[in-house]
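Chain residues, written in single-letter form:
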Amino acid sequence: MKKFGKVLILSTSLLIAVPLSVIEPFHIIKAEASSSIKIKKTAFKTTDRLNLRKGASTKDAVILTIPKGKIIYATEKKGNWYKISYSYKASKKSITKTGWISNTYVKEYYQNTNINKTYFFTKTTTKLYSTPDTKKKAIYTIVGKNGFYSKQKVINSIGETWYRVSFKGKNLYVKSKDVTKNSFTSFTQAKYKANKNTYVYESYGNAYKKLVSIPKGTSVQSSKRIGDWYNLTYKGKTGYFYIGDFSKMNAITYSNTSKTYYFTKNSAKLYAISGNTKKEITTISKNNGFESTQKAVDSLGQTWYRVIFEGKQLYINSNDVRKDVFSSTTQTKYKANKDTYIYQSFGQAFKKVILIPKNTIVTSTNKIGNWYNTNYNGKKGYFNMDDFSPYNEITYKTTNTDETYYFSKKTTKLYSSPNSINKELYTIASNNGFSSTQKVLNSLGETWYRVTFNKQTLYINSNDVNKSSFSTTKAKYKANKDTYVYQSFGNAYEKLVKIPKNTVVSPNKKIRDWYSVTYNGKSGYFYIGDFSPYSDLTEQKITDTTFITTSNLNLRETADPTATIYMTIPNSKIVIASYKVSNGWYRVTYGGKTGYVSGSYLKQVKTGDPITSKTGYQFIDLRTQSPVTAKQINDYIAKYVNSTGKVSVLTGKGQAFINAGKKYGVNPLYLAAHAILESAYGTSNISLGKNNLFGFGAYDATPFIGAYRFATVDLCIEYIAREIKATYLNPKNWKYNGAYLGFSTKDMNNKRIDQNSEGMNFYYASDPNWGKSIAKHMENILPFNKTYYNQAKINTVYPTQPGKPEGSDIFPSGIQAIVNKNLVLNSNKGVNDAVKTLPKNSTLMLLEKTNDFWVKVKVGNKIYWTSDIQFVEYTKYITVQNLGRVTTAGLNVRKDPSTSAAIIGKLNLNDFVQLVLQKDGTLTMNSSKSWYKVTLANGTTGWVSSAYIIRELK
């Protein structure tokens, strides 16, 4: 023993410290560290008497000696030494001493507490460890919704709470933050039916052993559950099944209905009772009808109808039938085309009542489906219309008309008389025209027109044609291929003369798509589909350009104000031009028709409107849920992170979006895509520095400082989900313009055109394509399913709008600002007592800016608060002279302004830093202006490269 000194040894039996001799040997440390690091506050327990010293060395003076078995807390480490605080009582006073101890005579302190048997379930994928800490690799990884029970709670040395659980015969530990508490619930025994092949598990979670399989459709019973896991005994095995794989079975309910008629869609089965749990009584073929006055709903939710068949009451499934009703028939007489029957009811499955020989004429006044009611030879029943033809002695009423033109709508038949009883003479394709001067109404109620075709007088049904008329045209047209002049307006007519490709013709009139022309001495009609407008004007291909119409605008056949008008495009409609004509007109497509419009009535715009169709994620209701999984979101973000090598605060945050979406009724896939777009996959400075994924609070003038600071990424996601649902998706809020992403349209001066803007994009973002960009991320994560969103339920519960989140930007000491206008100061945050007015050109020290835009300042030696500074235009209020922010990770602070100078410290990404001011108020820089002199938090001065510093609020 080389040295003795005076120290204090504290005993649990003493109330005052007693000076004793120092006993050194059990604390001598050979190696000394030169630098210290901050550590998380850690609890230790002394394993022997232990010297508390003023420094991390045996050479440093002893403050006192800590007895064996005492609890101490370390916050800093230096080599084999810890900086700790130790509390004790002396003379009935509580005293705390801080100093350094050797790590040789302490061990980490874990506090074990026995608790009542408590049940816990994993929130998400969770790890189980062999000890209540993460020092060793996890033993198991368990997915969400798996349960355990615990009888012991452990608080480890760094203050984390863990629970001891049993899994696969091992005692393991799980973090308290990874589980939620649950308990068993008993209820009246109920039946459940398996929706798919599943299992009975050994305990309440699918991480446990599968005891026995439960086939799809199996019925089981339970009267006790915990969470989503229900207790049961099945095939002699007692365990748990997952309720998500089952549907609850209810009793059959019956209700009387008015008399309703149903026909079998295909082959259908009839059962003795509602429900197909027993073998069917009989099978009925397609197109057989029944009447019903009772409906039943079985335990599976299936609907059945009670019917009578062969004197028995039976049941048929609603999915196998379609409803029909009786109706009166216009035609009353029908002629049998073959030997057939009258049936007891409306279907061939019923009893045959009497034979009807071929050519027999029967009457009917009402029908249902294809079955007609009749009375034949004193026998009542129904015949199938497939076996009959209408029988009429047809009469005609003829009316002369002015010459009128008709075109076939589709493939159409021409008859020798104005009825379709006899076989047609010709079949004509669609878009062939005829002229007529006579209309005929027959006794069947049909209207026919007399026409001429192939020099024959024929008749065409009015239902097969559309009326048309001639109009004049002055435009020229050029043949796109070899084609013909036809005798009349239709390709069913004779070809008179060939028109070679590239021939230019000048018609003088047209009807529908057929243009009158004389070519090589032959007068007839050509089909406009074989031609293109021809003009001496030149057309230039341009990059697709978006315009909005400034008035009702005619779409014409050519770029000529006298050309044929295809249609009128309404005012304020968006069109896209791909060609510009030399006279200032544009070629556009609108309503499926391509033509020309005058540029005098167009205004160029930028728009996110897809124009052709409004479908996909850009137009889904964002108050629906999405089938997206956390893994799909995480994988999409990870792909970007892996390809760029950037750090992202969104890594592994997929479940946070799903949780927030479910909590507030907002589509979680949209929330994830919105965050990815706004935060560059979670790699932006605002997201990395402030956990702010959506840029909330940021202004163009000062994006980083203006943005809200969130405590965690999860809190930001939840805050935005609530904010969006309460405002942009809430029909009662002024920001609501449709509960979908939508788009905006802006002129070339970036002014929004309201009538062409909709959805969130109306107010939320200045970029017209903001909604389209988010929809693209959604599509990349999970391809759009139209059927799903057509059926998705809309959540119409709206939370109150959240207040500003708690958070502040704390600035380094010594940040100086000049006041640009009189600034009212208050005694405290949130108080408007105007205790001082700071005049223009005064100087203040900037200390803090809160999320609700209150600013803490120091004037002289006194602290004040103000809310007068508007950060959207902060330069009207203050100019900060020396506030910097680091734009890179791990910025070296050097002793001198040179990369070869010694490193005396490091600054992290987005750290605020005090730039050193000279006496004249300018910043201290080296001669080349490439280095800033800075003052660190500990008062040390050094130099940093100006390339990695951005000046804030300058």
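Cut-off values and rules
Residues numbered from 1 in each chain as written. Predicted model: local features only at pLDDT ≥ 70, side-chain atom pairs only at ≥ 80, totals over all residues. Heavy atoms only, no water. Helix = DSSP H or I, 4+ residues; strand = E, 2+ residues; numbered from the N terminus. Buried < 20%, exposed > 50% of the residue type's maximum accessible area, 1.4 Å probe, protein only. Lys, Arg positive; Asp, Glu negative; His and termini not counted. Charge placed at Lys NZ, Arg CZ, Asp CG, Glu CD. Polar contact = N/O pair within 3.5 Å; in protein donor to acceptor, adjacent residues only side chain to side chain. Contact = heavy atoms within 4.5 Å. Core = buried A, V, L, I, M, F, W, Y, C linked by side-chain atoms within 4.5 Å. Axes fitted to C-alpha atoms, helices over the stretch in contact; angles between N-to-C directions. Parallel < 35°, antiparallel > 145°, perpendicular 65-115°, else oblique. Left-handed = near helix turned anticlockwise from the far one by under 90°. Nonpolar A, V, L, I, M, F, W, Y, C, P; charged D, E, K, R; others polar. Salt bridge = Lys/Arg side-chain N within 4 Å of Asp/Glu carboxyl O. pLDDT = per-residue confidence, 0-100. Pairing = 2+ DSSP bridges. 1 Å grid on protein atoms, 1.4 Å probe; cavity = no way out; pocket = protein on both sides within 12 Å on 5 of 7 lines; lining within 4 Å. Points joined across faces, edges and corners; volume = space filled by probe spheres on them.

What follows is about the overall build of the protein. Check the secondary structure of the protein and you find eight helices and 78 strands. Along the first, second and third principal axes, the C-alpha set of the protein runs to 135 × 85 × 55 Å. Relative to its 954 residues, the protein shows a buried fraction of 44%. With 136 positive and 60 negative side-chain charges, the protein shows a separation of 8 Å between the mean positions of the two kinds.

So, about the side chain of Arg623. Counting through the fold element by element, Arg623 comes out in the loop between strand S62 (602-607) and helix H1 (630-644). There is a polar contact of 2.8 Å between the side chain of Arg623 and the side chain of Asp621. Among residues more than four places away in sequence, those in contact with Arg623 are Gly665, Lys725, Leu729, Pro731, Ala739, Lys793, Ile794, Asn795 and Tyr798.

Before going further, it helps to spend a moment on the side chain of Gln294. If you trace the backbone, Gln294 turns up in strand S27 (residues 289-297). A polar contact of 2.9 Å, which involves the side chain of Gln294, links it to the side chain of Tyr315. Once residues within four sequence positions are removed from consideration, Gln294 is found in contact with Tyr254, Ser255, Asn256, Thr257, Trp304, Tyr305, Arg306 and Tyr315.

Turning our eyes to something else, we now look at the environment of Trp229. Mapped onto the secondary structure, Trp229 falls in strand S21 (residues 229-234). Take Trp229: its relative accessible area is 3%, and that puts it in the buried class. For the pair Trp229 and Gln791, spaced 562 residues apart in sequence, the C-alpha to C-alpha distance is 28 Å. Those residues in contact with Trp229, other than ones at most four positions away along the chain, are Phe121, Lys145, Tyr201, Tyr204, Gly205, Asn206, Tyr240, Phe241 and Tyr242.

It is worth spelling out the nonpolar core at this point. Nonpolar side chains in soluble globular proteins tend to end up buried together. One finds Phe657, Tyr670, Leu693, Met760, Tyr764 and Met778 to be the most contacted residues of the largest nonpolar core, which totals 78 residues. In contact with Tyr764, other than residues within four places in its own chain, are His674, Glu678, Phe694, Phe696, Ile724, Tyr728 and Trp770. Counting 14 residues, the second largest nonpolar core, distinct from the first, contains Leu50, Leu52, Ala90 and Val106.

Here Lys821 is to be found in the loop between strand S65 (816-819) and strand S66 (823-825). Considering only alpha carbons, one finds Lys821 and Leu917, 96 residues apart in sequence, at a separation of 22 Å. Not counting residues up to four positions away in its chain, the partners in contact with Lys821 are Leu838, Lys840, Lys876 and Tyr877.

Our focus in this paragraph is the packing of H1 against helix H2 (residues 654-664). The axes of two packed helices give the description: the angle between them and the distance between them. Taken N-terminus to C-terminus, the directions of H1 and H2 make an angle of 135°; their axes are 7 Å apart at the nearest point. Relative to H2, the element H1 lies oblique. In this structure, H1 meets H2 at a crossing whose hand is right-handed. Residues Ala630, Ile633 and Asn634 of H1 pack against Gly654, Gln655, Phe657 and Ile658 of H2. Class assignment for the residues of the contact of H1 with H2 results in four nonpolar, three polar and no charged.

On to the pattern of salt bridges. Here the structure, examined in full by the defined rule, presents 26 salt bridges. With a shortest N-O distance of 3.7 Å, Glu424 and Lys423 are connected by a salt bridge. Note on Lys423: relative accessible area 66%, which makes it exposed. The residue Lys614 makes a salt bridge to Glu758 at a minimum N-O spacing of 3.3 Å.

On average, the protein scores 91 in pLDDT, and the residues at 70 or more come to 96%. Below a pLDDT of 50 lies the segment residues 1-33, which in the model reaches 70 contacts outside its immediate sequence neighbourhood of four places, other chains included.

Now for the pairing of strand S45 (residues 456-461). Judged from the six bridges that link them, strand S44 (residues 447-453) and S45 form a sheet pairing that is antiparallel. Note on S45: the bridge partner recorded for Phe453 is Gln456. In sequence, S44 turns back onto S45 through a hairpin of two residues, with Asn454 there showing a positive phi of about 55°.

Right, let's talk about the sheet that holds strand S28 (residues 303-309) for a bit. Pairing in this open sheet of seven strands is antiparallel, and the strands run S26-S25-S29-S28-S27-S24-S30 from one edge to the other. Looking along the sheet, the strands with just one partner apiece sit at the ends: strand S26 (282-284) and strand S30 (321-324). The average undirected angle you get between the axes of adjacent strands in this sheet is 45°. Pairing analysis gives three bridges linking S27 to S28, with the strands arranged antiparallel. By the bridge assignment for S28, Lys295 is matched with Tyr305.

A few words now on the layout of surface pockets. Where empty space is left in the structure can be found by rolling a water-sized probe over the atoms. Considered as a void within the structure, the largest pocket measures approximately 840 Å³ in volume. Forming the boundary of the largest pocket are 31 residues, of which Gly695, Phe696, Gly697, Ala698 and Tyr764 lie nearest the centre. Broken down by secondary-structure element, the contributors of at least two residues to the lining of the largest pocket are helix H3 (668-679) and helix H6 (713-726). Of the residues in the lining of the largest pocket, the class split is 18 nonpolar, eight polar and five charged.

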